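Residue-level structure breakdown
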Amino acid sequence: MASQPTSFLNALLSGASAGVVVDVALFPIDTLKTRLQSPQGFFKAGWFWTKTPTRQNPEFRQGIYSGLSAAALGSAPGGKI
């Protein structure tokens, strides 16, 4: 069976989607690493949450994912190159 060459558009979309998947998967780990290396310390840098977790405050989990959408949008152009 002969393989057909990959189209340029297919290669661009594959690279962009791979870049987004990798950045989204590794974003929380990178955030924790950055906070561990913070000169002010891990807990003052935000630890896991930027807010105190309470039942009335359901957005407390956003601390580790804060900025994820910007990283995902910015990774697509770099991934397709």
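Next up on the list: the confidence of the model for the protein chain. Of the residues in the protein chain, 72% have a pLDDT of 70 or more, and the chain-wide mean is 76. Taking the mean pLDDT of every element in the protein chain, the minimum, 70, falls on helix 2 (residues 62–65) and the maximum, 87, on helix 1 (residues 8–36).

With that settled, the discussion passes to the pattern of salt bridges. By the definition in use, this model includes one salt bridge. Lysine 33 is the salt-bridge partner of aspartate 30, the closest N and O atoms lying 3.8 Å from each other. Of this pair, aspartate 30 and lysine 33 both sit in helix 1, three residues apart, roughly one helical turn. On the accessibility criterion, lysine 33 (41% relative accessible area) is partly exposed.

The next subject is a nonpolar patch on the surface. On the surface, Val22, Leu26 and Ile29 cluster together into a nonpolar patch covering about 280 Å² of accessible area. When you line up the elements, valine 22 lands in helix 1.

Here we come to helix 1. Its 29 residues place the ends of helix 1 41 Å apart at the C-alpha level, agreeing with the 42 Å of an ideal helix rising 1.5 Å per residue. Buried within helix 1 are the following residues: Gly15, Ala16, Gly19, Phe27, Pro28, Thr31 and Arg35.

As for its position among the elements, serine 75 is in helix 3 (residues 68–79). A polar contact is formed between the side chain of serine 75 and the backbone oxygen of alanine 72, at a distance of 2.9 Å. Not counting the four nearest positions on each side in its chain, serine 75 is found in contact with Gly19, Val20 and Asp23.

Definitions and limits used
Residues numbered from 1 in each chain as written. Predicted model: local features only at pLDDT ≥ 70, side-chain atom pairs only at ≥ 80, totals over all residues. Heavy atoms only, no water. pLDDT = per-residue confidence, 0-100. Helix = DSSP H or I, 4+ residues; strand = E, 2+ residues; numbered from the N terminus. Salt bridge = Lys/Arg side-chain N within 4 Å of Asp/Glu carboxyl O. Buried < 20%, exposed > 50% of the residue type's maximum accessible area, 1.4 Å probe, protein only. Patch = residues over 30% accessible without salt bridge, like charges linked within 9 Å, V, L, I, M, F, W, Y side chains within 5 Å. Areas by Shrake-Rupley, 256 points an atom, 1.4 Å probe, with all protein chains shown as cover. Expected span 1.5 Å × (residues − 1). Polar contact = N/O pair within 3.5 Å; in protein donor to acceptor, adjacent residues only side chain to side chain. Contact = heavy atoms within 4.5 Å.

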